[in-house]
Amino acid sequence: MRVRTLAVVLLAGGLALTACGKEGGPGDTGSAPAQTAVSDVKVDGSATFDKMKSRGRVVIGVKEDQPGLGYKDPTSGKFNGFDIEIAKLVAAQLGFGDDKIDYKAIPSAGREQALINGDVDYYVGTYTINAKRKEQVAFAGPYFTAGQDLLVKKSDSSITGKDTLKGKKVCSVTGSTPIQKVKSENLTEPENIVELQNYSQCVEQLEQGAVDAVTTDDAILKGYASQSPDTLKVIGKPFSKEPYGIGLPKDDKALRDKVNDILQAALDGDAWQKAYDSTLGKSNSTAEKPTLDRY
Ligand code: GLU
C-alpha cells in the first residue's frame, strides 16, 4: 500500500514536471529532482538570464588547461577544478543542472570580448577583478584570492623571487594581470619577455628550457607543479593580490546581484568549502573565505 502511494506521488510529480517544462519553454523534464527548476528562478530585468532561459542551457566561459582550477580531462572530455565547481554551483542555483551546461574554453585575452559579444553567459576562470576590466565587464565575487608567483625548474637556485628575474626569460600570457606586472615593474628586459596564449604553453617552454620562469597566480602554478613534482617548483612568495570574480556582461546588474547572493549562500553554507576541498584543497592547502565586494 505504502509503495503504491509512493508510486502515485512520483508519477504525479513526473507529470507536474513535464507540464511545467512545457509551460515554461524548453524546461527540464525532471531528470534531476534536487535541481532548482529554471522556471522557479526569478532574476527580474536580466537580459542574460532571459537568454539562458529561452535557450534552455547556460554557456559558461572557462579555462581548459589549468589543473585544479579549470581543466578538461583529455580522456573523458569532462571539465574539473575549483572554477568549474563554482561555475556549476551558480548554474544549479539558476536552474541549470550539469547536463544543461555548455563550457567554452576562452583564453585570458579573449574574456572581455566573449562577454561583450554574448558568446558566454558568464565566465569563471581565474579572472582577477580590477578597475580596468570593470570598464568593459562586471564581476560577482570575489570567490577566491590568489597572488602572482613564479614557477621554475626544481634544479634552479638562481631565481628566488620577483627581484631575481633580470636577465632571465620569463613567460606569461597575453591579456593577463601577471604579464602587465612583468612589463610595468620591469621585472626583466623587454627582449626576455615571452608572451603566449595559454599558461600550459609557457610550462612547456619551461620544461624544454626555452624560458627560465613562468609567472602567474600561485593557484595556477601549484597545479602545474603538482603534475611535475620532480622537475618543477613554485617559489612561494606571492607579490600581488588577485581576487577572482565571475565575469558578467557589464550592464546586467540583476544577474550580478543574483550571482552574488548565490556565492554568499555558498560561503555561509558548506558548498564553497566542499568545492574547495574537492579540488584545490586536495594538496593540503587551506584558503581563507573571501568577502564579497558588492559594488
Ligand atoms: N588572475 C590573473 C588574470 O586574471 C591571471 C590568470 C589568468 O590569466 O587567468 O589575469
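Reading the values: the criteria
- Within any chain, residue numbers begin from 1 and follow the written order of that chain's sequence.
- Per-residue local features are limited, in this predicted model, to residues with pLDDT of at least 70; the limit for side-chain atom pairs, both in listing and counting, is 80 or more; totals at the level of whole chains, interfaces and linings are taken over all residues.
- With hydrogens and water excluded, all non-hydrogen atoms of the structure serve as input to the side-chain values.
- Helix and strand definitions follow DSSP, with helices as H or I runs of at least four residues and strands as E runs of at least two, each counted in order from the N terminus.
- Between buried and exposed lies partly exposed: a residue is buried under 20% and exposed over 50% of the maximum accessible area for its type, with that area taken using a 1.4 Å probe on protein chains only.
- Here, residues are in contact when the closest pair of their heavy atoms is within 4.5 Å.
- Using a 1.4 Å probe, accessible areas were evaluated by the Shrake-Rupley method; residue-level cover was limited to the displayed protein chains.
- For this purpose, a residue is taken to be near a molecule or strand whenever a single non-hydrogen atom of the residue falls within 4 Å of it.
- Identification of polar contacts relies on pairs of N or O atoms within 3.5 Å, with a donor-acceptor requirement for protein atoms, meaning one able to donate a hydrogen and the other able to accept it, and with residues adjacent in sequence counted only if both atoms are side-chain atoms.
- Under the scheme applied, nonpolar residues are Ala, Val, Leu, Ile, Met, Phe, Trp, Tyr, Cys and Pro; charged residues are Asp, Glu, Lys and Arg; polar residues are all the others, including Gly.
- Disulfide assignment relies on a single distance test, namely cysteine sulfur atoms paired within 2.5 Å.
- Being paired, for any two strands, means DSSP has found at least two bridges between them.
- Along the chain, pLDDT gives the predictor's confidence residue by residue, from 0 to 100.
- Between N-to-C directions, angles span 0 to 180 degrees; the directions come from axes that are lines fitted to C-alpha atoms, helices contributing only their stretch in contact.
- Joining through side-chain atoms within 4.5 Å is the link that ties buried Ala, Val, Leu, Ile, Met, Phe, Trp, Tyr and Cys residues into a set, and such a set is a nonpolar core.
- Salt bridge criterion: a side-chain nitrogen from Lys or Arg within 4 Å of a carboxyl oxygen from Asp or Glu.

### A few points about the overall build of the protein
Now for step 1: Tallying secondary structure elements over the protein gives ten helices and 13 strands in all.
Now for step 2: Within the protein, the fraction of its 295 residues that count as buried is 46%.
Now for step 3: The long-range fraction of contacts in the protein, counting pairs at least 24 apart against all pairs at least 6 apart in sequence, stands at 71%.
Now for step 4: If you sum the accessible surface of the protein, you get close to 14,200 Å²; carbon and sulfur atoms cover 51% of it.

### Things to note about the site of the ligand
Now for step 1: Lining the immediate environment of the ligand, one finds 17 residues, of which S108, T126, T128, Y199 and D217 sit closest.
Now for step 2: The backbone of T177 places a nitrogen or oxygen atom 2.9 Å from an oxygen atom of the ligand.
Now for step 3: Isolated, the ligand exposes 280 Å² of accessible area, and the fraction of that covered by the protein chains is 100%.
Now for step 4: Only helix 6 (177-184), strand 11 (213-217) and strand 13 (242-249) provide two or more residues apiece to the shell around the ligand.
Now for step 5: Residues of the shell around the ligand, tallied by class, amount to five nonpolar, seven polar and five charged.

### Looking at the state of the cysteines
Now for step 1: Counted under the stated rule, the structure contains one disulfide.
Now for step 2: Bridging C171 to C202, the disulfide has an S-S length of 2.1 Å. Looking along the S-S bond of the C171-C202 disulfide, the torsion reads about -70°, which is the left-handed sense. With C171 in strand 9 (residues 170-173) and C202 in helix 7 (residues 199-207), this residue pair connects regions lying 31 residues apart in the sequence.
Now for step 3: On the basis of relative accessibility, which here comes to 0%, the residue C171 falls in the buried class.
Now for step 4: The buried category is assigned to C202, whose relative accessible area is 0%.

### Focus: the sheet that holds strand 4 (residues 79-80)
Now for step 1: Read from one edge to the other, the open sheet built from three strands follows the order 2-3-4, with strand pairing classed as antiparallel. Edge positions in the sheet fall to strand 2 (65-66) and strand 4, since each has one partner strand and no second.
Now for step 2: Sheet analysis places strand 2 next to strand 3 (residues 70-72), joined by two bridges and oriented antiparallel. By the bridge assignment for strand 3, D65 is matched with Y71.

### Digging into the confidence of the model for the protein
Now for step 1: The share of residues in the protein with pLDDT of 70 or more is 88%, and the mean pLDDT across the chain is 90.
Now for step 2: Across residues 1-33, where pLDDT falls below 50, the model places twelve contacts with residues more than four positions away in sequence or in other chains.

### Observations concerning the sheet that holds strand 9
Now for step 1: Taking strand neighbours across the sheet as the criterion, the five strands line up as 10-9-11-8-12 in an open arrangement whose pairing is mixed. At either end of the open sheet lies a strand with only one pairing partner, and these are strand 10 (193-196) and strand 12 (232-234). In this sheet, adjacent strand axes meet at a mean angle of 30° when their direction is disregarded.
Now for step 2: Of the strand pairs in this sheet, strand 9 and strand 10 are connected by four bridges, and their pairing is parallel. Paired with V170 across the bridge in strand 10 is I193.
Now for step 3: On the sheet, helix 7 packs against strand 8 (148-153), strand 9, strand 10, strand 11 and strand 12 and is oriented at approximately 155° with respect to strand 11.
Now for step 4: Here helix 8 (residues 218-227) sits on the sheet in contact with strand 8, strand 11 and strand 12, set at roughly 130° to strand 11.

### Thoughts on the nonpolar core
Now for step 1: Ranked by internal contacts, the top residues of the largest apolar core, which has 57 residues, are F82, L94, Y122, Y143 and I246.
Now for step 2: Looking at which element gives the most residues to this core, the answer is helix 3 (residues 82-93), with seven residues.
Now for step 3: Core analysis: the next-biggest nonpolar cluster, separate from the first, contains twelve residues, V152, V182, I193 and A213 among them.

### Details of the pattern of salt bridges
Now for step 1: This model, assessed by the stated rule, comprises twelve salt bridges.
Now for step 2: Close ionic contact of D293 with K134 constitutes a salt bridge, the shortest N to O distance being 4.0 Å. Taken together, the residues span a long stretch of sequence, with D293 in the segment after helix 10 (271-277) and K134 in helix 5 (residues 131-134) at a distance of 159 residues.
Now for step 3: Note on D293: relative accessible area 34%, which makes it partly exposed.
Now for step 4: When the shortest N-O distance is used, the salt bridge between K274 and D270 registers 3.7 Å.
Now for step 5: Taking the relative accessible area as the measure of exposure, D270 reaches 46% and is therefore partly exposed.
Now for step 6: Here the residues in one salt-bridge network are E85, K88 and D98, joined through shared partners.

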